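Chains, contacts and geometry: an overview
The primary structure of each chain is shown beneath.
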Amino acid sequence: MGIMDHVIDYCDKFTTTKSKKHKPMQTVDIKVKMCCDGCERRVKSSVSGLKGVKSVEVNRKQSRVTVKGQVEPKKILEGVLETGKKAEFWPYVPYNLVSYPYAAQAYDKKAPSGYVKNVPQAFASSDASEEQYTSLFSDENPNACSIM
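To start, this report covers the structure provided alongside it. Predicted model only: the values in this text are computed from it and were never measured.

A separate point is the nonpolar core. With 16 residues, the main nonpolar core has Ile30, Val32, Val65, Ile76 and Val80 as its most contacted residues. Elements with a minimum of two residues in this core: strand S1 (26–32), helix H2 (37–48), strand S2 (53–59), strand S3 (64–69) and helix H3 (73–81). In contact with Val80, not counting residues within four places along its chain, are Ile30, Val32, Val43, Ser46, Val47, Lys85 and Ala87. Among the nonpolar cores identified, the runner-up in size contains seven residues, and Ala103, Val116, Val119 and Ala122 belong to it.

Okay, here's the thing in structure tokens:
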């Protein structure tokens, strides 16, 4: 090591500042019961005022609020609950991502069209051999058998 290396190490000790860790960009979906334009505005303004929020989308028909930004999901939920509205994290998944959409507790009449509840019974177990065999010769599987 030369003198320059010692000088650089010495300078680094005093010039290094602790960098703030940025939260990752997230999308948070919340189910909120909204009945009118006033409810929609109140929820949107309460969430958009939170630190780190980049965009807020409100879909009154689905009772859904989608928040994008560098935020914690729990703080978004608390912000919505402060408006006096009944709110919870989005409990639904798209219909086509579930193996058994009509399983017990998965089908919900109140769910928006194309969605079912996110419950473990609706998903295939990881040791389901039938799924492995059916995807073995599938055109959508990149590792499928290509004998034909």
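Right, picking up where we left off after that structure.
Turning to a nonpolar patch on the surface, a few remarks are in order. A cluster of nonpolar side chains, namely Tyr95, Tyr102 and Tyr107, defines an oily patch on the protein surface of about 390 Å² accessible area. With respect to the secondary-structure elements, Tyr102 resides in the loop between strand S5 (92–94) and strand S6 (115–117).

This part takes up a positive patch on the surface. On the surface, a cluster of positive charge is contributed by Lys33, Lys86, Lys110 and Lys117. Assignment of secondary structure puts Lys117 in strand S6.

The rules behind these values
Sequence order as written defines residue numbering, which begins from 1 separately in each chain. The predicted origin of the model limits local features to residues at a pLDDT of at least 70 and limits the giving and counting of side-chain atom pairs to 80 or more, whereas totals for whole chains, interfaces and linings rest on all residues. Side-chain numbers come from the whole structure's heavy atoms, not from hydrogens or water. Among buried residues, the Ala, Val, Leu, Ile, Met, Phe, Trp, Tyr and Cys ones that are joined through side-chain atoms within 4.5 Å form a nonpolar core. We call a residue buried when its accessible area falls under 20% of the maximum for its residue type, exposed when it is over 50%, and partly exposed in between, using a 1.4 Å probe and counting protein chains only. We count a stretch as a helix when DSSP gives it H or I for four or more residues in a row; a strand needs E for two or more, and each element gets its number in order from the N terminus. Any pair of residues with heavy atoms lying within 4.5 Å of one another is described as a contacting pair. Patch rule: a residue counts if its relative accessible area is over 30% and it has no salt bridge; like charges are joined within 9 Å, and nonpolar side chains (Val, Leu, Ile, Met, Phe, Trp, Tyr) within 5 Å. Accessible surface is estimated by sampling points in the Shrake-Rupley manner with a 1.4 Å probe; for residues, cover comes only from the protein chains shown. Each salt bridge in this description consists of a side-chain nitrogen of Lys or Arg and a carboxyl oxygen of Asp or Glu lying within 4 Å of one another. For the charge count, each Lys or Arg is scored as positive and each Asp or Glu as negative, with His and the chain ends excluded. Positions of charges follow a simple convention, taking NZ of Lys, CZ of Arg, CG of Asp or CD of Glu.

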